[in-house]
Every structure is written in structure tokens, then in C-alpha cells.
Amino acid sequence: MDFTADGKRALVACEFANKAIVLDIENRQIVKDFHLPQSHHGMPQDTRLSPDGNTFYMADMKAGGFYTFSGDAMEQLGFVPTGSGTHGIYFSRDTTQMFVTNRGEGSVSVLDANTQQPITKLHIPGGGSPDMGALSPDRRQLWLSGRYHAEVYVFATTDGKLLTRIPVGNGPHGLTYLPRPGRYSLGHTSNIR
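Residues numbered from 1 in each chain as written. Predicted model: local features only at pLDDT ≥ 70, side-chain atom pairs only at ≥ 80, totals over all residues. Heavy atoms only, no water.

Student: Outline the pattern of salt bridges, supporting the account with residue identities and numerical values.
Tutor: Should the charged atoms of two oppositely charged side chains come close, the side chains can pair. Counted according to the given criterion, the structure contains four salt bridges. Residue Asp33 is joined to Lys19 by a salt bridge in which the shortest nitrogen-to-oxygen separation is 3.1 Å. Residue Asp33 is found in strand β4 (residues 29-35), and its partner Lys19 is found in strand β3 (residues 19-24); the two are separated by 14 residues along the sequence. For Asp131, the salt bridge goes to Arg103, with nearest N and O atoms at 2.4 Å. One end of the pair, Asp131, is in strand β13 (residues 130-135); the other, Arg103, is in the loop between β10 (97-102) and β11 (107-112), with 28 residues separating them in the sequence. A relative accessible area of 0% places Asp131 in the buried class. (Salt bridge = Lys/Arg side-chain N within 4 Å of Asp/Glu carboxyl O. Helix = DSSP H or I, 4+ residues; strand = E, 2+ residues; numbered from the N terminus. Buried < 20%, exposed > 50% of the residue type's maximum accessible area, 1.4 Å probe, protein only.)

Following this line, the structure appears as C-alpha cells:
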């Protein structure tokens, strides 16, 4: 989940119900319910508010992309396809780019954070399963767990080159850098605001 810029509402992904709900934070009540139509058996995941506070993004593993919602969380706007197994959403520190992990096809989609237009797609040579992760404090590296390949991937954010693959134990499901900018955890590793 993530909060509106004014902190009055939260948009929550309901992973096993193929829907999203909007919570009124002060009254702790559901004020809106969205069915997610792109996939009959959708699995919404990461939910992130854009850096400018105008748009919510919600990754959906089964739908192969992310839904967009208004910044007040009251209107479903559209859907942007990125790739099989869309799972994690991360913003560059300068807020100009979005990195969207596509776990099912071993890729990371890089999009313009303001227009949602694709810039490039980073592919893991020989396959992989990029899941959740974080940007390094110096902004130069994107670190991602490889859920089904027992490894961690490190990409250069400047040119998209895969710098290394680090063998780890089975089933890595996220990683993060600490300390992170922000105060509140949004429910996935490195999603702090």
C-alpha cells in the first residue's frame, strides 16, 4: 500500500482477491473498492505513489504490467504492460525514471516516471527472476533479489549493464539498504516514504 500525498487515504493491493481498496486513514474505513480487470486471476503487488503525488502505480504479477490510479486514489486510470510477472516498482533518486521488475521473464522495464513511456528493458543474460530490491545510496546501482534463481542481481543505473550476479540461498525475496530515505514502510522491502 501507499498513502496519498496528504496522508488522508491509502491505496491497498489485495493480492489474492484481484482488487484494490481505498482506506480512509482517520476513520479506518474502506471508502472505495476497485476490481482489476486486466487479468481474471490478477495478483496486485507493489503500490507506489509517484514522486509528484499525482499518480499511483500498482504492479500485477498475473496481468504483466501495472495499473494507474489518480493521486487521490479515487479513480482507476489505466494499465501499462511491462512484462511477465510484474512485481516491484522503484523510482530513481532524481525521480525521472521508474524501474519495474518482471520476475516471470527475467527483465526490468525502465520507464519515464512522468509519462509512463518505456525507455528501455534490461534483460538478465541466461534468464533470471528479478523480484524486490533497492537503489544504492549513490543512485548508481539497482540491487534486486532473484527469487527463483538463488541470487542477487546488480545493475548499473547509468547504462543498464548487469554488473554482477551474487549467489545466495534459495528463495531470496527482497533486499534493502539501510538507512533509507523516508519514515514509513509501505510493505515491500525498500518501499519507504
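Student: So what's going on with the side chain of Asn18? Which residues, and what values?
Tutor: By the element assignment, Asn18 lies in the loop between β2 (9-14) and β3. For Asn18, a relative accessible area of 5% gives the class buried. A distance of 3.5 Å separates a polar atom in the side chain of Asn18 from the backbone oxygen of His40. Residues contacting Asn18, with those up to four places away along its chain left out, are Phe34, His35, Leu36, Ser39, His40, His41, Gly42, Met43, Pro44 and Asp60. (Polar contact = N/O pair within 3.5 Å; in protein donor to acceptor, adjacent residues only side chain to side chain. Contact = heavy atoms within 4.5 Å.)

Student: An account of unusual backbone geometry is needed here, citing residue identities and associated values.
Tutor: Backbone geometry at Arg28 places phi at a positive 55°, although glycine is not the residue there. Within the element layout of this structure, Arg28 appears in the loop between β3 and β4. According to the relative accessible area criterion, Arg28 is exposed, its value standing at 75%. Despite not being glycine, Arg139 shows a phi value in the positive range, around 70°. Position of Arg139 relative to the elements: it lies in the loop between β13 and β14 (141-146).

Student: So, the nonpolar core: which residues are in play, and what are the values?
Tutor: One finds Phe99, Val108, Leu142, Leu144, Tyr153 and Phe155 to be the most contacted residues of the largest nonpolar core, which totals 13 residues. Elements represented by at least two residues in this core include exactly β11, β13, β14 and β15 (151-156). Core analysis: the next-biggest nonpolar cluster, separate from the first, contains 12 residues, Leu36, Met58, Ala63 and Tyr67 among them. (Core = buried A, V, L, I, M, F, W, Y, C linked by side-chain atoms within 4.5 Å.)

Student: With reference to specific residues and values, describe the packing of aromatic side chains.
Tutor: Under the defined criterion, the tally for this structure stands at four aromatic pairs. Ring centres of Tyr67 and Phe79 lie 5.0 Å apart, and the angle between their planes is 65°; this geometry places the pair in the edge-to-face category. Within this pair, whereas Tyr67 is found in strand β7 (residues 65-70), its partner Phe79 is found in strand β8 (residues 76-81), the two being separated by 12 residues in sequence. Given a relative accessible area of 1%, Tyr67 falls into the buried group. (Phe/Tyr/Trp six-rings, centres within 6.5 Å; stacked < 30°, edge-to-face > 60°.)

Student: Quick rundown of the environment of Tyr148? Include the residues and the values.
Tutor: Checked against the element boundaries, Tyr148 lands in the loop between β14 and β15. When the C-alpha positions of Tyr148 and Tyr184 are compared, they lie 29 Å apart, and in sequence the two are 36 residues distant. In contact with Tyr148, not counting residues within four places along its chain, are Arg103 and Ser129. Of the polar contacts made by the side chain of Tyr148, one reaches the side chain of Arg103; its length is 3.3 Å.

Student: If you had to explain the pairing of β14 to someone new, which residues and values would you point to?
Tutor: Bridge count for β13 against β14 is four bridges, and the pairing is antiparallel. In the sheet register, Ala134 faces β14, and the bridge partner there is Trp143. Here six bridges tie β14 to β15, and the two strands are oriented antiparallel to one another. Note that in β15 the partner of Gly146 across the bridge is Glu151. Between β14 and the antiparallel strand that follows it, β15, lie four residues; Ala150 among them carries a positive phi value of about 50°. (Pairing = 2+ DSSP bridges.)

Student: Could you give an account of the sheet that holds β8, with specific residues and numbers?
Tutor: The sheet built from four strands is open, its strands ordered β5-β6-β7-β8 with antiparallel pairing. The open sheet has two edge strands, β5 (44-49) and β8, and neither has a second partner. Mean inter-strand twist for the sheet, computed between neighbouring axes without regard to direction, equals 20°. In terms of strand pairing, β7 meets β8 through five bridges, oriented antiparallel. Bridging across to β8, Tyr67 finds its partner in Phe79. (Axes fitted to C-alpha atoms, helices over the stretch in contact; angles between N-to-C directions.)

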